[in-house]
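Next come the chains, spelled out residue by residue.
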Amino acid sequence: MVNVLFLLVLLAVITTVRGGDVTYDGRSLIIDGQRKLLFSGSIHYPRSTPEMWSSLIAKAKEGGLDVIDTYVFWNLHEPQPGQYDFSGRRDIVRFIKEVQAQGLYVCLRIGPFIEAEWSYGGLPFWLHDISGIVYRSDNEPFKVQMQNFTKTIVGMMQSEKLYASQGGPIILSQIENEYGTVEKSYGEEGPKYVQWAAQMAVALNTGVPWVMCKQNDAPDPVINACNGMRCGETFVGPNSPNKPAIWTENWTTRYVINGENIRKRAVEDIAFHVTLFIIAKNGSFVNYYMYHGGTNFGRTASEFIPASYYDLAPLDEYGLISQPKWGHLKELHAAIKLSLTPLLSGVQMNISLGQQQQAYVFTGQAGECAAFLVNSDTQNSASVQFQNASYDLPPKSISILPDCKNVAFNTAKVSTQYTTRSMVRNSLLDGAQTWEEFHEAIVNFDDTSIKSETLLEQMSTTKDASDYLWYTFRFQQESSDTQAVLNVGSLGHVLRAFVNGQAVGYAQGSHKNPEFNLQSTVSLSAGINNVSLLSVMVGLPDSGAHMERRAAGLSRVTIQDNQGNKNFTNYSWGYQAGLLGEKLQIYKEQGSSRIQWAKFSNAQSPLTWYKALFNAPPGDVPVAVNLVSMGKGEAWVNGYSIGRYWPSYRSPDGSSQIWYNVPRSFLKPTGNLLVLLEEVGGNPLQISVDTASISQVCSYVTASHLPPVSSWVGYDQKTKAYMKIKSRRPIVHLGCPSNSKISNITFASYGTPLGNCTATYAVGNCHSYSSKAIVEKACLGKMNCSIPVSTGYFGGDPCSANEKSLLVVAECR
């Protein structure tokens, strides 16, 4: 029986990934002659590791996804003109084949401008040095390079037979990205560029449709798609009646910005707008951006973006399932797919149920009926009458009735458990003997090889080979020692000032205001004075029109003393791009052995490199280093950069990224080399190596919650309704990750418990005193357990005239 079941599953997977012709009409994509309503999730291959891909894709599939969506990262693949790299985390073919092996489709967003909070929006910086270039415009130098890269990627996909037309998994491709937001800035060259990009892409004959997101004037046959959080309300619709409604980016949260408060998005809101898009806009493709965000390793993050990316997505940075977001969306997908036939081929009718209430009813040719009851009132519940029955709708919610009678799912009622991720210390690197240090020398004018009679723009000078650029000059002070005021204007992002080798000032900008001014009182000596200004970028820009014109670095330098104001902006300057430790690659084992490290001094000086060895935590749980005691810099493990860190830059609510992901594939069992470049002067003795795990699960379900969508089974053609399992009761379901079990029941109350899983909780006035014992018997020692929310299960009614609820909190170990 098991072998037969496995064979059936295998055949289903082979059928799914076989590919075939991909076409479309005004209702949906059509794959191999079958209409499709598809749920997709963005997983960016370079923001994780090849060793993680299989697990991430499997969890996405288990969550009800049909498609994996990814950008293609031009500057990662072509770091120098004509020099391509598809190794390791860049191995896009391996990634797509893994998706195919697991029976899912692929949406390939080539761009090649992608934004994506990725450095320079994915554009390689060497484009900047091409004479006469204007990015993303009807500009021949740019079009030549864009076409070359696009053809390279498409050619690679075709040679590996990865398009659906060849039997592969790729069913959609994207050219350009949100160009409609900047198109007007290019005047008449903008629309010309859109036309050219569309024609160029279509001429590559991939056999699958192309899309352009946020591009209402997308030329035929390219499909215009929506990005945002409320496309069910904001999308103007396809620009042709023959194109389907596609949502390429449904933001599952908002990306984090250094120095700003975290902006969250509730899963109830996501579910509401997904459903609304499908019924109000005839949507047939929804992509979650991001489904797994991952990590901005190295210097890949754009300006002021931290290493952690979309950690609040359904799969967190480490690849752990984040509840209730993952589970509630899984239930939503299953509920909507119960209604596929009437949704995709039925006749739609809208019925008003009240001032802010409406029914969307879809009737199939064979009499199938599905209804979606919408309450748009964000404050108040509503009781509505539909087909001679009464339905209660919570505020801002949609109830899904796959048979036009029974509610299978409501977007605002979350029955899925909530999970808590804990970071557990494995080892504290607190021994002074554990650490060694190396101090960067302060660069003076005589040390530099690049000279100029004016201030140079930073990005053009460093060529994005480093975040750091030394601006240096020297001048003669004729009078005796004196005090003066140093004034420096910067276009971003961070500046450290030194006079005669001594630190004299620090200033920084922000994501909203990268430009800033440093003003500091300094001591000048009689004779030659050396001024060294270290300008630091925290990522390149990733958006906006005319990025080729963007500038960074110093814009003005003056010194005012008792002899007046001296302007050094147009003066003899010396420059050094990058730091000595970067040049020597002392973050790698070989480079580290080439220099003389000093014993740890705990001086906490700026511009100091630290190194230590540590052992990997046992097991396979995710690993992170806790850098809460450090200021700002970059960290490497065994030569792999785990990203920029900046714990000292806190948001108004006091938060900043503290833990930095170390993928298991970066580690060896013992003797792992940790190297930090510390700009500010933190304390490495408080750094720890930690592990990430789901330590607690909580579920809160009332008697009015809905049973799992899985309780619905096949559609009966005779009765024109879904057959349902006899017992359809609300259920509390608890589950720990595969490497742990339920070890303790912290709290359990059947009755009217106070609070919920997102707030404090306590026993209410109505409480079954056997609650904890019953839950312990059902759950302890198990990976998963389910408990019906019913009076009978708890041995009687603990009180009358109250709707009963069950709240359970459990520990996983």
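Note that the structure is predicted; figures quoted are calculated from it, not measured.

The next point concerns the confidence of the model for the chain. In low-pLDDT regions, the fine details of the predicted coordinates are not to be read closely. The predicted model of the chain averages 95 in pLDDT, with 96% of residues at 70 or higher. A low-confidence stretch, residues 1-18 stays under pLDDT 50, and its non-local contacts, those more than four residues away or across chains, total 15 contacts.

Turning our eyes to something else, we now look at unusual backbone geometry. The omega torsion across G111 and P112 is 0°, close enough to zero to call that bond cis. Across the junction of Y289 and M290, the peptide omega takes the value -5°, indicating a cis bond. Along the chain, M290 turns up in strand 11 (residues 283-292). Unusually for a residue other than glycine, Y310 sits at a positive phi of about 50°. Following the sequence through the fold, Y310 ends up in the loop between strand 11 and helix 9 (325-337). With relative accessibility at 3%, the residue Y310 sits in the buried group. Even without being a glycine, L607 presents a positive backbone phi close to 55°. Relative to the elements of secondary structure, L607 occurs in the loop between strand 31 (598-599) and strand 32 (608-614).

A full pass over the atoms with the stated rule returns 44 aromatic pairs. Geometrically, the ring pair formed by Y640 and F666 is stacked, given 4.3 Å between the ring centres and 10° between the ring planes. Taken as a pair, Y640 in strand 35 (residues 640-645) and F666 in the loop between strand 36 (659-662) and strand 37 (672-678) lie far apart in primary sequence, 26 residues in all. Owing to a relative accessible area of 41%, Y640 belongs among the partly exposed residues under this scheme. Given the relative accessible area of 6%, F666 is considered buried. An aromatic cluster is built from Y120, F125, Y135, F142, Y179, Y186, Y193 and W196, whose rings are joined through pairwise contacts. Between the NZ or CZ atom of R263 and the centre of the ring of Y255, over which it lies, the distance is 5.5 Å. Looking at K632, its charged tip hangs above the ring of W646, at a distance of 5.2 Å from the centre.

Where helix 2 (residues 50-62) meets helix 4 (residues 92-101), the closest approach of the two axes is 10 Å, and the angle between their N-to-C directions is 25°. Considering the angle they form, helix 2 stands roughly parallel to helix 4. Once helix 2 is placed against helix 4, the crossing between them reads as right-handed. Where helix 2 approaches helix 4, its residues P50, W53, S54 and I57 are matched on the opposing element by R94, F95, E98 and V99. Within the contact of helix 2 with helix 4, the residues separate by chemical class into five nonpolar, one polar and two charged.

Attention now goes to the pattern of salt bridges. Inspection of every chain in the model, using the stated rule, returns 26 salt bridges. A salt bridge links D129 to K463, with the nearest nitrogen and oxygen atoms 3.1 Å apart. With D129 in the loop between strand 6 (105-111) and helix 5 (140-159) and K463 in the loop between helix 11 (458-462) and strand 22 (468-477), this pair connects stretches of sequence that are 334 residues apart. On the basis of relative accessible area, K463 is assigned to the partly exposed category, the value being 41%. Between K243 and D220 there is a salt bridge whose closest N-O contact spans 2.8 Å. Placement of the pair is K243 in the loop between helix 7 (231-234) and strand 10 (245-251) and D220 in the loop between strand 8 (210-213) and strand 9 (223-228), with a sequence separation of 23 residues. Its relative accessible area of 59% is what places D220 among the exposed residues. One salt-bridge network, in which partners are shared between bridges, spans R299, D464, D467 and R644.

Let's shift gears to the sheet that holds strand 22. Strand order in the open sheet formed by six strands is 21-30-22-27-24-25, with antiparallel pairing between adjacent strands. For this open sheet the edge positions go to strand 21 (450-452) and strand 25 (502-508), each flanked by a neighbour on one side alone. Across the sheet, the mean angle from the axis of one strand to that of its neighbour is 20°, orientation sign disregarded. The pairing of strand 21 with strand 30 (residues 573-577) spans three bridges and is classified as antiparallel.

Rules used in this analysis
- Note on numbering: residues in each chain are counted from 1, in written sequence order.
- Given that the model is predicted, a residue must reach a pLDDT of at least 70 before its local features are reported, and side-chain atom pairs must reach 80 or more before they are shown or counted; all residues, however, enter totals for whole chains, interfaces and linings.
- Hydrogens are left out, water is left out, and the side-chain values use all remaining heavy atoms of the structure.
- Confidence of the prediction at every residue is given by pLDDT, a number between 0 and 100.
- A contact between two residues is defined here by any heavy atoms of the two lying within 4.5 Å.
- Secondary structure elements follow DSSP: runs of H or I no shorter than four residues count as helices, runs of E no shorter than two count as strands, and numbering proceeds from the N terminus.
- Exposure is judged per residue with a 1.4 Å probe applied to protein chains only, and the accessible area is read against the type maximum: over 50% gives exposed, under 20% gives buried, and values in between give partly exposed.
- Ring geometry is summarised as follows: Phe, Tyr and Trp rings, the Trp one being its six-membered ring, pair when their centres sit within 6.5 Å, and such pairs are stacked at plane angles under 30 degrees, edge-to-face over 60 and tilted between the two.
- Charge-over-ring placement is defined geometrically: NZ (Lys) or CZ (Arg) within 6 Å of the ring centre, and within 35 degrees of the ring normal.
- Every angle, taken between N-to-C directions, lies between 0 and 180 degrees, and every axis is a line fitted to C-alpha atoms, over only the stretch in contact when it is a helix.
- An angle counts as roughly parallel when it lies under 35 degrees, as roughly antiparallel when it exceeds 145, as roughly perpendicular when it falls between 65 and 115, and as oblique in every other case.
- Crossings are classed by handedness, with left-handed meaning an anticlockwise turn of the near helix from the far one by less than a right angle and right-handed meaning a clockwise turn.
- Under this grouping Gly is polar, as are all residues other than the nonpolar Ala, Val, Leu, Ile, Met, Phe, Trp, Tyr, Cys and Pro and the charged Asp, Glu, Lys and Arg.
- Any Lys or Arg side-chain nitrogen located within 4 Å of an Asp or Glu carboxyl oxygen qualifies as a salt bridge.
- Only strands that DSSP links by at least two bridges are regarded as paired with each other.

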